[in-house]
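Overview (structure and organization)
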Amino acid sequence: MKPVYIFRHVACEGPGYLADVLARREIPHRLVRVDEGEPIPPSPDGASGLVFMGGPMSANDPLPWIQEEISLIHRAAEQGVPLLGHCLGGQLISKALGAQVTPNPVKEIGWYPVERVPGPEADALLGPLPSRFIAYHWHGETFSLPDGAAPALRSEHCERQAWVKGNALALQCHVEMTAEMVCEWARLYADELESESASVQSGAAMMDRLDERVRESQGAADVLYEHWLGHLQG
């Protein structure tokens, strides 16, 4: 099988739990370290699917690699290559498919529940997923829906937590998290946690019942990833 290409935009926001799922399924992957200057492949031809991870930048920033990734996503969509995005990655896919990336009404940072959006497309994607589960968030922007996409998840603080369109899945929340990643982000981005907003948790609040929350999040990730992996090209 051709490898899954995973695009990393900052060192601390790698594939996380997704890498464990791929290893368990014996699916090869190639990590494209955009943060280290690795070039964006001009074509998706060598990949069975494309995954885009998060990052502190905006999909609207005038960075050369952002436009290169958007162009790659557009080509992949035209060729029917499966697409998966986490947070910034979901925003990049959304923008490449014609949607808008705009400020969310509030920053959403920490562990907050998300819930399913009823509909046949979402039901086909989410199947055994609970109607409501805990997920990790760290974003100040959000995406609109591309033409033909169906909303799949939402939260109290962000109406668009996920959409699905064929073999493309865009996520605003971070289902790739491990306990180690949560601790690292809380340390590296501590300045963003100095807020009294109900949509921003403190570092201490993030650590409360951390293992339990990670298990619940990864259980949801198993469902989402398994659905998406079923679309991979040989």
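Summary of the structure given here. (Residues numbered from 1 in each chain as written. Predicted model: local features only at pLDDT ≥ 70, side-chain atom pairs only at ≥ 80, totals over all residues. Heavy atoms only, no water.)

For the protein, the helix and strand inventory stands at 7 helices and 9 strands. Computed over C-alpha atoms, the radius of gyration of the protein comes to 16 Å, within 12% of the 17 Å expected from 2.2 N^0.38 for 234 residues, which places it in the range of a compact globule. C-alpha atoms of the protein, sized along the principal axes, occupy 45 × 40 × 35 Å. For the protein, the share of sequence-separated contacts (at least 6 apart) that also reach a separation of at least 24 residues comes to 76%. Accessible area for the protein stands at about 9,600 Å²; split by element, carbon and sulfur atoms hold 51% of it. (Helix = DSSP H or I, 4+ residues; strand = E, 2+ residues; numbered from the N terminus. Rg over C-alpha atoms; globule rule 2.2 N^0.38 Å. Contact = heavy atoms within 4.5 Å. Areas by Shrake-Rupley, 256 points an atom, 1.4 Å probe, with all protein chains shown as cover.)

So, about the pairing of strand S6 (residues 132–143). Counting buried positions over the 12 residues of S6 gives 9, a clear majority of the element. Across 11 bridges, the pairing between strand S5 (residues 101–116) and S6 is antiparallel. Across the sheet, residue Gly110 finds its bridge partner in S6, namely His137. (Buried < 20%, exposed > 50% of the residue type's maximum accessible area, 1.4 Å probe, protein only. Pairing = 2+ DSSP bridges.)

Attention shifts here to the packing of aromatic side chains. Scanning the model with the defined rule gives 6 aromatic pairs in all. Considering the side-chain rings of Tyr136 and Trp138, the 6.4 Å spacing of their centres and the 50° angle between planes classify their relative orientation as tilted. The class of Tyr136 is buried, set by a relative accessible area of 0%. Through pairs of rings, three or more aromatic residues link up here, namely Trp111, Tyr136, Trp138, Trp185 and Tyr189. Across the ring face of Tyr5, the terminal group of Arg30 is positioned such that the distance to the ring centre comes to 5.0 Å. (Phe/Tyr/Trp six-rings, centres within 6.5 Å; stacked < 30°, edge-to-face > 60°. Lys NZ or Arg CZ within 6 Å of the ring centre and 35° of its normal.)

A few words now on the environment of Gln161. Structurally, the position occupied by Gln161 is in the loop between strand S7 (150–155) and strand S8 (162–165). Using a relative accessible area of 0% as the deciding quantity, one classes Gln161 as buried. With residues up to four places along the chain from it excluded, the contact list for Gln161 reads Glu108, Val114, His137, His139, Phe143, Leu153, Arg154, Ser155, Ala170, Leu171, Gln172 and Cys173. Looking at Gln161, its side chain comes within polar contact range of the main-chain nitrogen of Cys173, at 3.2 Å. (Polar contact = N/O pair within 3.5 Å; in protein donor to acceptor, adjacent residues only side chain to side chain.)

We now examine the environment of Cys158. When you line up the elements, Cys158 lands in the loop between S7 and S8. Linking Cys158 and Val106, residues 52 residues apart in sequence, is a C-alpha distance of 8.1 Å. Those residues in contact with Cys158 that sit more than four places away from it in its chain are Asn104, Glu108, His139, Thr142 and Gln172.

Two pairing modes exist for strands in a sheet, parallel and antiparallel, and in both the strands are linked by backbone hydrogen bonds. Here 9 strands make up an open sheet; going across it, the order is S2-S1-S3-S4-S9-S8-S7-S5-S6 and the pairing mixed. Each of the sheet's edge strands pairs with one partner strand only, and the pair in question is strand S2 (29–33) and S6. Within the sheet, the average angular offset between the axes of one strand and its neighbour, ignoring direction, is 20°. (Axes fitted to C-alpha atoms, helices over the stretch in contact; angles between N-to-C directions.)

With respect to the helices and strands, the residue Glu69 is situated in helix H2 (residues 64–79). Despite its burial, Glu69 remains without a salt bridge, the nearest opposite charge being carried by Arg8 at 10 Å. Setting aside residues up to four positions removed in sequence, Glu69 forms contacts with Phe7, His9, Val34, Ile40, Phe52 and Leu92. (Lys, Arg positive; Asp, Glu negative; His and termini not counted. Salt bridge = Lys/Arg side-chain N within 4 Å of Asp/Glu carboxyl O.)

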